[in-house]
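# Working through the structure, step by step
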Amino acid sequence: MTADLQKELSLTFALRQQNLERLSKLVQAVSDPSSPRYGKYLTLEDVAELIRPLPLTLSTVQKWLLAAGARNCHSVTTQDFLTCWLSVRQAELLLSGAEFHRYVGGPTETHVVRSPRPYQLPKALASHVDFVGGLHRFPPTSSLRQRPEPQVAGTVGLHLGVTPSVIRERYNLTAQDVGSGTTNNSQACAQFLEQYFRDSDLAEFMRLFGGNFAHQASVARVIGQQGRGLAGIEASLDVQYLMSAGANISTWVYSNPGRHESQEPFLQWLLLLSNESALPHVHTVSYGDDEDSLSSAYIQRVNTEFMKAAARGLTLLFASGDSGAGCWSVSGRHQFRPSFPASSPYVTTVGGTSFQNPFRVTNEVVDYISGGGFSNVFPQPSYQEDAVAHFLSSSPNLPPSSYFNASGRAYPDVAALSDGYWVVRNNVPIPWVSGTSASTPVFGGLLSLINEHRILSGHPPLGFLNPRLYQQRGAGLFDVTRGCHESCLNEEVQGQGFCSGPGWDPVTGWGTPNFPALLKTLINP
């Protein structure tokens, strides 16, 4: 239905930044262990100084918005985003072609005001604005699944699903592998679904599953609105496993910031990162979209936001997705379908594994849902060229070359268990929850423990991990070499995407964490 013309909208204008080439070189220098600048991260103020839009951009956009009747405009420290309130009528006059409608959907009957039609910026502005947010993007949905329980005979020495103690056993953590409580180390997870976690669920989860390691039973800081509704399974999973893998480390939660009809939660999170000078060192995010569903302007700009985070020494971990290689049809031909932000070259992407025997703490094999593949947008970063070339030349059963872009950014970078987790939601323990939304906070928590050691030794936090990870050729990780993930159900590939093999592969990356070995390879400068 057409939106009421008086209805208020909040729109975010992404202003054109400067010196992106220099930013990219700086990221390389601070993230590459062989560079003299390694670990010498920029502050938020340094980043602002570097990329702040030209004065002409700032004045042109502000004048234009004021003339259009925009109110209540807020900027961020880096001055490259401007969020303003307008009525639907003003927004439609301002952005020719846009036509706002009200949509109701999703399990929580979310109301959103969006324009299904593309907009055009006035010519005078086009060179100053990358994109306008709050127009097209719908709230994301979760792909977490509860899988049927595997059938088992006999029960001696078995576990019945993944819990913190199963993770700690598999990845070789001892009771001493917890935060010291003496550093300013912290970690965060960000949630964009219409979902919340509950402190009482976290406390119950730790009561049931946290008995054999020191932990914190509550979240240190919630940023954004925590709803009063029922807890979501995704939100509960993220918090419970980030805080049990990264045990005893101060944890922040970015909760869906604002139910307001026109705000895009993911964009709001990026704005928060650009406006806060002291942030947790590790952020885990279980959010993704098909790369092809996003405009090029949006995807490039979001990638620049990840570059800004990398320059500041933040480690951003994204779930690789739960559709294997994905699949879509382009002018009648099938192709794999990469996911973003998993495909960004400036984040560390986490795939998923299962136990070879679902009831024993055994070797891991591919979880067939584990997202992976090659970007159609981003070229392959230099840090992974050797690893990808080795995979492409040695994999015995590659899919046909028309299905993927062999010269694109390849992902995931690493993996962890993603199958059969226990989660407490609304005070009830729920078994067999599966998805890379589970593996991502687990890997993030372990990196937080490594940061703890680095901080205690006087070293900077790990920052953007990929250049180091690929230089060390997966040292400290269990290589996963068995199994393939899913893809197009057609005669040509018959549902099979890529297969894992020795070394890096686009299904499980370099593999899953062997904590003591990973700590050893990552603790020194």
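Residues numbered from 1 in each chain as written. Predicted model: local features only at pLDDT ≥ 70, side-chain atom pairs only at ≥ 80, totals over all residues. Heavy atoms only, no water.

An unreviewed UniProt entry lists the protein chain under the name Tripeptidyl-peptidase 1, from Equus asinus. As recorded by UniProt, the Subunit (unreviewed entry) comment attached to the protein chain reads in full: "Monomer. Interacts with CLN5. Interacts with CLN3." UniProt, in its Function (unreviewed entry) section for the protein chain, records the words "Lysosomal serine protease with tripeptidyl-peptidase I activity. May act as a non-specific lysosomal peptidase which generates tripeptides from the breakdown products produced by lysosomal proteinases. Requires substrates with an unsubstituted N-terminus." (UniProt positions renumbered as here; feature names shortened; annotations may be inferred.)

On to the confidence of the model for the protein chain. Mean pLDDT over the protein chain: 90, with 89% of residues reaching 70 or higher. The low-confidence segment residues 152-156 (pLDDT under 50) makes three contacts with residues lying over four places distant or belonging to another chain. In this model residues 258-262 is a low-confidence stretch, pLDDT under 50, and it forms 20 contacts with partners more than four residues away in sequence or in other chains. (pLDDT = per-residue confidence, 0-100. Contact = heavy atoms within 4.5 Å.)

Formally, a disulfide is one covalent bond, and it connects the sulfur atom of one cysteine to the sulfur atom of another. If you walk through the whole model with that rule in mind, you get three disulfides. Covalent S-S linkage joins Cys327 and Cys488, the inter-sulfur distance amounting to 2.1 Å. On the sign convention where negative is left-handed, the bridge of Cys327 and Cys488, at about 110° about the S-S bond, is right-handed. Taken together, the positions of Cys327 in the loop between strand 13 (315-319) and strand 14 (328-330) and Cys488 in the loop between strand 25 (484-486) and strand 26 (496-499) put the pair 161 residues apart, joining distant regions of the chain. (Disulfide = S-S within 2.5 Å. Helix = DSSP H or I, 4+ residues; strand = E, 2+ residues; numbered from the N terminus.)

Close approach of charged atoms allows side chains of opposite charge to pair. Enumeration according to the criterion identifies 15 salt bridges in this entry. The partner of Arg207 in a salt bridge is Glu204, and the shortest N-O contact between them spans 3.0 Å. Here Arg207 pairs with Glu204, and both are found in helix 7 (residues 199-209), just three residues apart, close to one helical turn. Arg207 gets classed as exposed once you look at its relative accessible area, which sits at 58%. (Salt bridge = Lys/Arg side-chain N within 4 Å of Asp/Glu carboxyl O. Buried < 20%, exposed > 50% of the residue type's maximum accessible area, 1.4 Å probe, protein only.)

Taken in spatial order, the three strands of this open sheet run 7-23-22, and their pairing is antiparallel. Each of the sheet's edge strands pairs with one partner strand only, and the pair in question is strand 7 (145-146) and strand 22 (421-425). With two bridges connecting them, strand 7 and strand 23 (residues 428-434) associate as antiparallel partners. Along strand 23, the bridge assignment pairs Gln146 with Val433. Helix 7 contacts strand 22 and strand 23 of the sheet and is inclined by roughly 140° relative to strand 22. (Pairing = 2+ DSSP bridges. Axes fitted to C-alpha atoms, helices over the stretch in contact; angles between N-to-C directions.)

Let us now look at the packing of helix 9 (residues 265-273) against helix 10 (residues 296-311). The axes of two packed helices give the description: the angle between them and the distance between them. Contact geometry of helix 9 with helix 10 gives a least axis separation of 11 Å together with a crossing angle of 35°. Crossing hand, helix 9 versus helix 10: left-handed. In contact with Phe266, Trp269 and Leu270 of helix 9, helix 10 contributes Tyr298, Val302, Glu305 and Phe306. Residue composition of the contact of helix 9 with helix 10, by class: six nonpolar, no polar and one charged. (Left-handed = near helix turned anticlockwise from the far one by under 90°. Nonpolar A, V, L, I, M, F, W, Y, C, P; charged D, E, K, R; others polar.)

Next up on the list: the sheet that holds strand 1 (residues 8-15). Taken together, the four strands give an open sheet; going across it, the order is 2-3-1-6, and neighbouring strands pair in antiparallel fashion. Across the chains shown, the open sheet's two edge strands, defined by having one partner strand only, are strand 2 (71-75) and strand 6 (129-133). In this sheet, adjacent strand axes meet at a mean angle of 20° when their direction is disregarded. Together, strand 1, strand 3 (81-87) and strand 6 form the strand contacts of helix 3 (residues 55-67), whose direction differs from that of strand 1 by roughly 160°. The strands that helix 10 touches are strand 1, strand 3 and strand 6; relative to strand 6, the one it contacts most, it runs at about 100°.

All right, on to the pairing of strand 6 then. With five of five residues buried, strand 6 is to be regarded as a mostly interior element. Pairing of strand 1 with strand 6 involves four bridges; the strand directions are antiparallel. Each residue of the ladder has a partner; that of Leu15, found in strand 6, is Val129.

According to UniProt, the feature "binding site: Ca(2+)" (unreviewed entry) maps to Asp479, Val480, Gly503 and Asp505 in the numbering used here. The greatest C-alpha distance among the annotated residues, which extend across 27 residues, is 9.7 Å, indicating that they converge on a single site. In this structure, Val480 sits in the loop between strand 24 (477-478) and strand 25. Ignoring any residue separated from it by four or fewer positions in sequence, one finds Val480 in contact with Thr353, Glu364, Val365, Val366, Ser500, Gly501, Asp505, Thr508, Gly511 and Thr512. Beyond its immediate chain neighbours, meaning those up to four positions away, Asp505 contacts Phe391, Pro412, Val480, Cys499 and Ser500. Within polar-contact distance, the side chain of Asp505 engages the backbone nitrogen of Gly501 at 3.2 Å. (Polar contact = N/O pair within 3.5 Å; in protein donor to acceptor, adjacent residues only side chain to side chain.)

One can find Glu45 in helix 2 (residues 44-51). For the pair formed by Glu45 and Ser277, sequence separation is 232 residues and the distance between their alpha carbons is 7.7 Å. Residues in contact with Glu45, not counting those within four places in the same chain, are Thr77 and Ser277.

Before going further, it helps to examine the side chain of Ser286. Within the secondary structure, Ser286 sits in the loop between strand 11 (282-285) and strand 12 (289-290). Exposure remark for Ser286: the relative accessible area of 17% places this residue in the buried category. Within the local environment of Ser286, its side chain forms a polar contact with the side chain of Asp238, the two groups lying 3.4 Å apart. Setting aside residues no more than four positions away along its own chain, Ser286 makes contact with Ala190, Glu234, Asp238, Ala319 and Ser437.

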